[in-house]
Amino acid sequence: MDKLRAMITGIQGYVPEYRLTNKELEELVETNDEWIVSRTGIKERRILKGEDQGSSVMGAEAVKGLLEKTGIDPLDVDLIICATVTPDMPFPATANIIADLVGAKNSYSFDIGAACSGFLYALQIGSQFIQTGSHKKVIVVGADKMSSIVDYTDRATCILFGDGAGAVMLEPTTEDLGIVDSILKSDGTGAPYLHMKAGGSRRPATHETVDAKEHFAFQEGSTVFKFAVTNMADVSAEIMEKNGLKGEDVAWLVPHQANLRIINATANRMGIGSDKVMMNIEKYGNTTAATIPLCLWDYENQLKKGDNLVLAAFGGGFTWGSIYLKWAYDPK
Ligand SMILES: CC(C)(COP(=O)(O)OP(=O)(O)OC[C@H]1O[C@@H](n2cnc3c(N)ncnc32)[C@H](O)[C@@H]1OP(=O)(O)O)[C@@H](O)C(=O)NCCC(=O)NCCS
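Note that the structure is predicted; figures quoted are calculated from it, not measured. (Residues numbered from 1 in each chain as written. Predicted model: local features only at pLDDT ≥ 70, side-chain atom pairs only at ≥ 80, totals over all residues. Heavy atoms only, no water.)

Trainee: In this structure, what is going on with the overall build of the protein? I would like to understand it.
Mentor: Scanning the protein from N- to C-terminus turns up 11 helices and 13 strands. Taking 2.2 N^0.38 as the reference for a compact globule, 332 residues should give roughly 20 Å; the C-alpha atoms of the protein span a radius of gyration of 19 Å, in line with that estimate. Here the C-alpha coordinates of the protein stretch approximately 60 × 45 × 35 Å along the principal axes. Residue burial in the protein is summarised as follows: out of 332 residues, 55% are buried. Restricting to contacts in the protein with at least 6 residues of sequence separation, those with at least 24 account for 76%. Considering the protein, the positive charge centre built from 32 side chains and the negative charge centre built from 43 side chains are found 3 Å apart. (Helix = DSSP H or I, 4+ residues; strand = E, 2+ residues; numbered from the N terminus. Rg over C-alpha atoms; globule rule 2.2 N^0.38 Å. Buried < 20%, exposed > 50% of the residue type's maximum accessible area, 1.4 Å probe, protein only. Contact = heavy atoms within 4.5 Å. Lys, Arg positive; Asp, Glu negative; His and termini not counted. Charge placed at Lys NZ, Arg CZ, Asp CG, Glu CD.)

Right under this line is the structure:
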């Protein structure tokens, strides 16, 4: 192969220590462990505690671990892209803060916002920089502190989300490895069903917006569920067809972890058994941009060079998409 491709040469995750269990949520809202597990698959989520702790803290921990693991000098990193809906602040970019925290002084950095599809969007963007030959080392981070925008009196959303971060290193290869193809989509008509009403330029923060709880994530769960099931399954089937892949050719489906039922519907549509589906929703819940890198991190030791992976996500916007990649290294 003469053409350059971007391959993932390392993966690292970070989750905070505090575990918010279903039992503890039972004390906050009218819910129960049985309902949460059967409707979502979630048993607990991690929560970042402490003053002045934003998404960058988790992203930086993941990136530090990644640099150590890959033996790459922070000064050799060309670019850091961070996918997040919970930036430390509107500006500077969280990627900027992460670059500073890890000592990536020669890197530039920016954030992208595509909610739960953010990591896929960022991976595709990072991959393009590698493919042109202009960048040699690009870090893609997904980091979200969802607990900062979750209303812990709203049982429809507080059971779903958790905090975490994951980061991958992208480097060029001319081998038949790395990111092969992507299909990314968005549809702004989905905004009313999953969004944060205030805090942006349209409705800046006021006492009224705070009193009306408009700075929390709002979701019309059953509508989002229907769109998610259809679109995540469709786009995963589409990327397989486009690349001539059958169910048996796919080593792993790496799905966004929003709801076990959405994941199962996607796997069924792709003709993939549950033993080939990466799953960690039970311990982390929905960490938005972090779910996919956290899955890759959890399953890294089971991945072999050349494995065909299909990554798939659906999220607020609406945004959705899938990426087909060939894993580039054996367990170390
Ligand atoms: C949120 C979600 C788990 C809710 O499950 P659902 O099966 O759609 O449930 P519904 O919202 O229809 O609610 C069903 C009933 O359970 C109740 N309920 C909602 N949350 C509850 C909770 N935490 N505990 C107990 N009961 C609850 C509702 O009030 C409703 O009761 P009613 O029938 O008396 O009105 C599900 O809609 C979902 O996963 N949505 C998509 C999430 C997603 O993919 N997001 C996109 C990416 S971020």
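So that's the structure; there's more coming.
Trainee: What should I look at first to understand the UniProt feature "domain: Beta-ketoacyl-[acyl-carrier-protein] synthase III N-terminal" (unreviewed entry) in the protein in this one?
Mentor: The UniProt feature table records "domain: Beta-ketoacyl-[acyl-carrier-protein] synthase III N-terminal" (unreviewed entry) at residues 110–188. When the span residues 110–188 is considered, its composition is 23% helix and 39% strand, and the gap between its end C-alpha atoms is 22 Å. (UniProt positions renumbered as here; feature names shortened; annotations may be inferred.)

Trainee: Can you walk me through the nonpolar core in this structure?
Mentor: Side chains of a nonpolar character, in soluble globular proteins, are inclined to be buried together. Among the nonpolar cores identified, the biggest contains 75 residues, and Leu123, Leu170, Leu296, Leu309, Leu311, Leu325 and Trp327 are the most heavily contacted of them. The two domains that each donate at least three residues to this core are domain 1 (5–178) and domain 2 (180–327). Beyond its immediate stretch of four places on either side in the chain, leucine 123 contacts Val140, Val168, Leu170, Ile179, Leu311, Ile323 and Leu325. Judged by nonpolar contacts, the second largest core, of 22 residues, contains Ala62, Val77, Cys82 and Ile98. (Core = buried A, V, L, I, M, F, W, Y, C linked by side-chain atoms within 4.5 Å. Domains from an automatic or database assignment.)

Trainee: Got a minute to help me understand the sheet that holds strand β11 (residues 252–255) in this structure?
Mentor: The pairing of strands in a sheet happens through backbone hydrogen bonds and is either parallel or antiparallel. Taken in spatial order, the four strands line up as β8-β13-β12-β11 in an open sheet, and their pairing is mixed. A strand with exactly one partner marks an edge of an open sheet, and here the two such strands are β8 (178–186) and β11. Taken pair by pair, the neighbouring strands of this sheet meet at an average axis angle of 15°, ignoring direction. Two elements, strand β12 (residues 308–315) and strand β13 (residues 319–326), share eight bridges in a ladder whose sense is antiparallel. Bridge assignment links asparagine 308 to a residue of β13, and that residue is lysine 326. (Pairing = 2+ DSSP bridges. Axes fitted to C-alpha atoms, helices over the stretch in contact; angles between N-to-C directions.)

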